[in-house]
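Coordinates in review
Each chain, letter by letter, is given below.
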Amino acid sequence: MNRITRIILRNLFRIPGYYFKLCRYARHPERYTREETWAYIHKVLKRVLATSNVELAVTGTEYLQPDQGFMLYGNHQGMFDVVAIAATCPYPLSIVYKKELRNVPFLKQILQCTNSYAMDREDVRQSLTVIQNVTRQVQEGHPYVIFPEGTRSKLSNEMLEFHGGSFRCALKAKCPIVPFALVDCYKAFDQKGSKPMKAQIHYLPTLPYEDYSHMKSGEVADLVKSRIAEAIATHQ
């Protein structure tokens, strides 16, 4: 039995209720505050985590401040990453994601509920529009998550190149950056079976705008990647 099948079987009678309620949140966002919507998403994904047979260690949640806009940048290991982030952050977050995820059931509704944006990296104009929208939202106090590799690495805990363009949002918004390091999260859904396993998410110390304002986007990417790489090396 793989892990996704295990989660489905453990939540078989809950899934219809979860799905229809998420659809309602997605169809009528004006009826609910961000906090109400996120509280429900947080509850659902904590249940997913609880029935996944994954022991998730988390550190650094004190760097997630609910009273300001900031950008979260981290390594990307797979679909479990979203579960790890949403289940460990009690405050509303939105995500910049690749367009291919728009039609994945459950994930589609969660992305709609959270005012997340799909980015088409092959469409320069569309990507610039996303950057503008995210910048405005962050300036208004809404945190966003970006995976600067653009896709999961498929290299265990090794990272791909961080795209400098991903950091234009932070530079334009002049906001703090909170790096995060995922360790062994790829094992949850990429490896066969559903035996107990451990994974980690580490939110790292905040990088204030003043500390990177003089840098180009590629330099910021290198700085953030180096901090994440150091954290991964420490916790493997």
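One structure accompanies this document, and this report is about it. (Residues numbered from 1 in each chain as written. Predicted model: local features only at pLDDT ≥ 70, side-chain atom pairs only at ≥ 80, totals over all residues. Heavy atoms only, no water.)

Turning next to the overall build of the chain. Scanning the chain for helices and strands turns up 10 helices and seven strands. Against the 2.2 N^0.38 benchmark of 18 Å for 236 residues, the chain shows a C-alpha radius of gyration of 17 Å, consistent with a compact globule. Counting only C-alpha atoms and orienting by the principal axes, one finds that the chain spans roughly 55 × 45 × 35 Å. Looking at the 236 residues of the chain, the share that counts as buried comes to 50%. Sequence separation of 24 or more characterises 75% of the internal contacts of the chain that already satisfy a separation of 6 or more. The positive charge centre, built from 31 side chains, and the negative charge centre, built from 22, are 10 Å apart in the chain. (Helix = DSSP H or I, 4+ residues; strand = E, 2+ residues; numbered from the N terminus. Rg over C-alpha atoms; globule rule 2.2 N^0.38 Å. Buried < 20%, exposed > 50% of the residue type's maximum accessible area, 1.4 Å probe, protein only. Contact = heavy atoms within 4.5 Å. Lys, Arg positive; Asp, Glu negative; His and termini not counted. Charge placed at Lys NZ, Arg CZ, Asp CG, Glu CD.)

Right, let's get into a nonpolar patch on the surface. On the surface, a cluster of nonpolar side chains totalling about 680 Å² of accessible area is made up of M1, I4, I8, L9, L12 and F13. Position of L12 relative to the elements: it lies in the loop between α1 (3–10) and α2 (15–27). (Patch = residues over 30% accessible without salt bridge, like charges linked within 9 Å, V, L, I, M, F, W, Y side chains within 5 Å. Areas by Shrake-Rupley, 256 points an atom, 1.4 Å probe, with all protein chains shown as cover. Salt bridge = Lys/Arg side-chain N within 4 Å of Asp/Glu carboxyl O.)

This part takes up the nonpolar core. Within the largest apolar cluster, 45 residues are counted, with the highest numbers of intra-cluster contacts made by L72, F180 and Y203. Those elements giving two or more residues to this core turn out to be α2, α3 (34–50), β1 (54–59), α4 (80–88), β3 (94–98), α5 (107–113), β6 (177–183) and β7 (197–203). Not counting the four nearest positions on each side in its chain, F180 is found in contact with L72, Y73, G74, N75, I85, V145, F147, I201, H202, Y203, L204 and I228. If you look at the next biggest cluster of nonpolar residues, it comprises 31 residues, including Y144, I177, L204 and A221. (Core = buried A, V, L, I, M, F, W, Y, C linked by side-chain atoms within 4.5 Å.)

What follows covers the packing of α2 against α3. Interhelical geometry of α2 versus α3 gives an angle of 155° and a closest axis separation of 11 Å. When the axes of α2 and α3 are compared, the pair comes out roughly antiparallel. For the crossing formed where α2 meets α3, the hand is left-handed. From α2, G17, Y18, K21, L22 and Y25 reach across to α3, where they touch E36, T37, Y40, I41, V44 and R47. (Axes fitted to C-alpha atoms, helices over the stretch in contact; angles between N-to-C directions. Parallel < 35°, antiparallel > 145°, perpendicular 65-115°, else oblique. Left-handed = near helix turned anticlockwise from the far one by under 90°.)

Tracing the backbone shows G165 in the loop between β5 (144–146) and α7 (168–173). Through-space distance from the C-alpha of G165 to that of F70 is 17 Å; in sequence the pair is 95 residues apart. Ignoring sequence-local partners within four residues, the contact set of G165 consists of I131 and S217.

Attention shifts here to the sheet that holds β1. Strands pair in a sheet through their backbones, by hydrogen bonds, and they do so in one of two ways: parallel or antiparallel. Overall, mixed pairing links the seven strands, which are arranged β1-β7-β6-β2-β5-β3-β4 in an open sheet. The sheet is open, and its two borders are formed by β1 and β4 (117–119), each paired with just one other strand. Averaged over neighbouring strand pairs, the angle between their axes works out to 25° when direction is ignored. Bridging between β1 and β7 involves six bridges; their strand directions are parallel. If you follow V58 over to β7, its bridge partner there is I201. Running over the sheet, helix α6 (residues 124–139) touches β2 (71–74), β3, β4 and β5 and is turned about 150° from β4. (Pairing = 2+ DSSP bridges.)

Under the defined criterion, the tally for this structure stands at two salt bridges. Ionic pairing is found between R152 and D190, a salt bridge with its closest N-O pair at 2.6 Å. With a gap of 38 residues between them, R152 in the loop between β5 and α7 and D190 in helix α8 (residues 186–190) connect regions that are remote in the sequence. On the basis of relative accessibility, which here comes to 29%, the residue R152 falls in the partly exposed class. D184 is the partner of K187 in a salt bridge, and the nearest nitrogen-oxygen pair spans 3.8 Å.

With the rule as written, the count across this model stands at 11 aromatic pairs. Geometrically, the ring pair formed by Y25 and Y32 is tilted, given 4.3 Å between the ring centres and 55° between the ring planes. The buried category is assigned to Y25, whose relative accessible area is 9%. Between F180 and Y203, the aromatic rings sit 6.4 Å apart at their centres with planes inclined by 55°, giving tilted as the arrangement. (Phe/Tyr/Trp six-rings, centres within 6.5 Å; stacked < 30°, edge-to-face > 60°.)

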